Amino acid sequence: MQPVISKTDHKSALKRIETLMDQERKSRDEEIELETLFVLVSNYEEKHILIFPPDPIDAIRFRMEQQGLTQKDLSKILGSKHRASEYLNKKIPLSIEAIRKLNDSLGISGDILIQKYTTKR
């Protein structure tokens, strides 16, 4: 196994990870290789690949989908059907109070929810 220090190394490591992940049964050596590759790839990505935080509204929609929630459920969290609609349709930016409620109820990081995004106004 070699270090992951280039795009080519990264691509090869990801391909090997995929191969190992697809195997139903792995030997102990393969499990160790997989764990090692995860660490190597993570370290490379942390240093070389910029990952921007998601749009706050996309994050809310994603979490709602994950938890099987509807806009009506979101209305209950936020206290207003109208306000939930305004947020989801990006008519107004999230308020501090809404960010707190979403963080508490849906477990979405405040760091994500406070990101700037374009509203339709």
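Predicted, not measured: the structure shown is a model, and the values here were computed from it. (Residues numbered from 1 in each chain as written. Predicted model: local features only at pLDDT ≥ 70, side-chain atom pairs only at ≥ 80, totals over all residues. Heavy atoms only, no water.)

**Structural notes on the overall build of the protein chain**
Within the protein chain, the regular secondary structure consists of seven helices and zero strands. Starting at the N terminus, the α and β elements of the protein chain follow one another as α-α-α-α-α-α-α. For 121 residues, the compact-globule formula gives about 14 Å, and the C-alpha radius of gyration of the protein chain, at 20 Å, lies well above that figure. C-alpha atoms of the protein chain, sized along the principal axes, occupy 55 × 30 × 20 Å. (Helix = DSSP H or I, 4+ residues; strand = E, 2+ residues; numbered from the N terminus. Rg over C-alpha atoms; globule rule 2.2 N^0.38 Å.)

**Observations concerning the domain arrangement of the protein chain**
Looking at the assigned domains, one finds that the protein chain contains domain 1 (7-48) and domain 2 (56-114). One C-alpha centre belongs to domain 1, the other to domain 2; they are set 35 Å apart. (Domains from an automatic or database assignment.)

**Section: the pattern of salt bridges**
For the structure shown, the criterion picks out four salt bridges. The partner of Arg16 in a salt bridge is Glu33, and the shortest N-O contact between them spans 2.8 Å. Here the residue Arg16 occupies a position in helix α1 (residues 7-22), and Glu33 occupies one in helix α2 (residues 28-48), the gap between them amounting to 17 residues. One salt bridge in this structure joins Glu86 and Arg83, with 3.1 Å as the shortest N-O distance. (Salt bridge = Lys/Arg side-chain N within 4 Å of Asp/Glu carboxyl O.)

**Observations regarding helix α3 (residues 56-67)**
For α3, with 12 residues, the first-to-last C-alpha span of 17 Å sits near the 16 Å given by 1.5 Å per residue. For α3, the secondary structure elements touched by its buried residues are α4 (71-78), α5 (81-88), α6 (96-106) and α7 (110-113). Two or three places before Ile57, at the opening of α3, Asp55 has a side-chain oxygen 2.8 Å from that residue's backbone nitrogen. Looking one or two places after α3, you find Gly68, whose phi comes out positive at around 65 degrees. (Expected span 1.5 Å × (residues − 1). Contact = heavy atoms within 4.5 Å. Polar contact = N/O pair within 3.5 Å; in protein donor to acceptor, adjacent residues only side chain to side chain.)

**A look at the UniProt feature "domain: HTH cro/C1-type" (unreviewed entry) in the protein chain**
With numbering aligned to this structure, UniProt lists the feature "domain: HTH cro/C1-type" (unreviewed entry) at residues 60-113. When the span residues 60-113 is considered, its composition is 72% helix and 0% strand, and the gap between its end C-alpha atoms is 8 Å. (UniProt positions renumbered as here; feature names shortened; annotations may be inferred.)

**With respect to the nonpolar core**
In this structure, Ile60, Leu74, Leu78, Leu94, Leu102, Leu106 and Leu113 are the most contacted members of the largest nonpolar core, which totals 19 residues. Elements represented by at least two residues in this core include exactly α3, α4, α5 and α6. Formed by eight residues, the second largest nonpolar core is a distinct cluster that contains Ala13, Leu20, Leu34 and Tyr44. (Core = buried A, V, L, I, M, F, W, Y, C linked by side-chain atoms within 4.5 Å. Buried < 20%, exposed > 50% of the residue type's maximum accessible area, 1.4 Å probe, protein only.)

**Some details on α1**
Here α1 is 16 residues long and its end C-alpha atoms lie 23 Å apart, about the 22 Å a rise of 1.5 Å per residue gives. Taken together, the buried positions of α1 are occupied by Asp9, His10, Ala13, Ile17 and Leu20. The buried residues of α1 all sit within an arc of 95 degrees when viewed along its axis, so they share a single face. Exposed side of α1, more than 90 degrees from the buried face: Lys7, Thr8, Lys11, Lys15, Glu18 and Asp22 are the residues found there. Taken together, the buried residues of α1 touch α2. (Arc of directions from axis to C-beta.)

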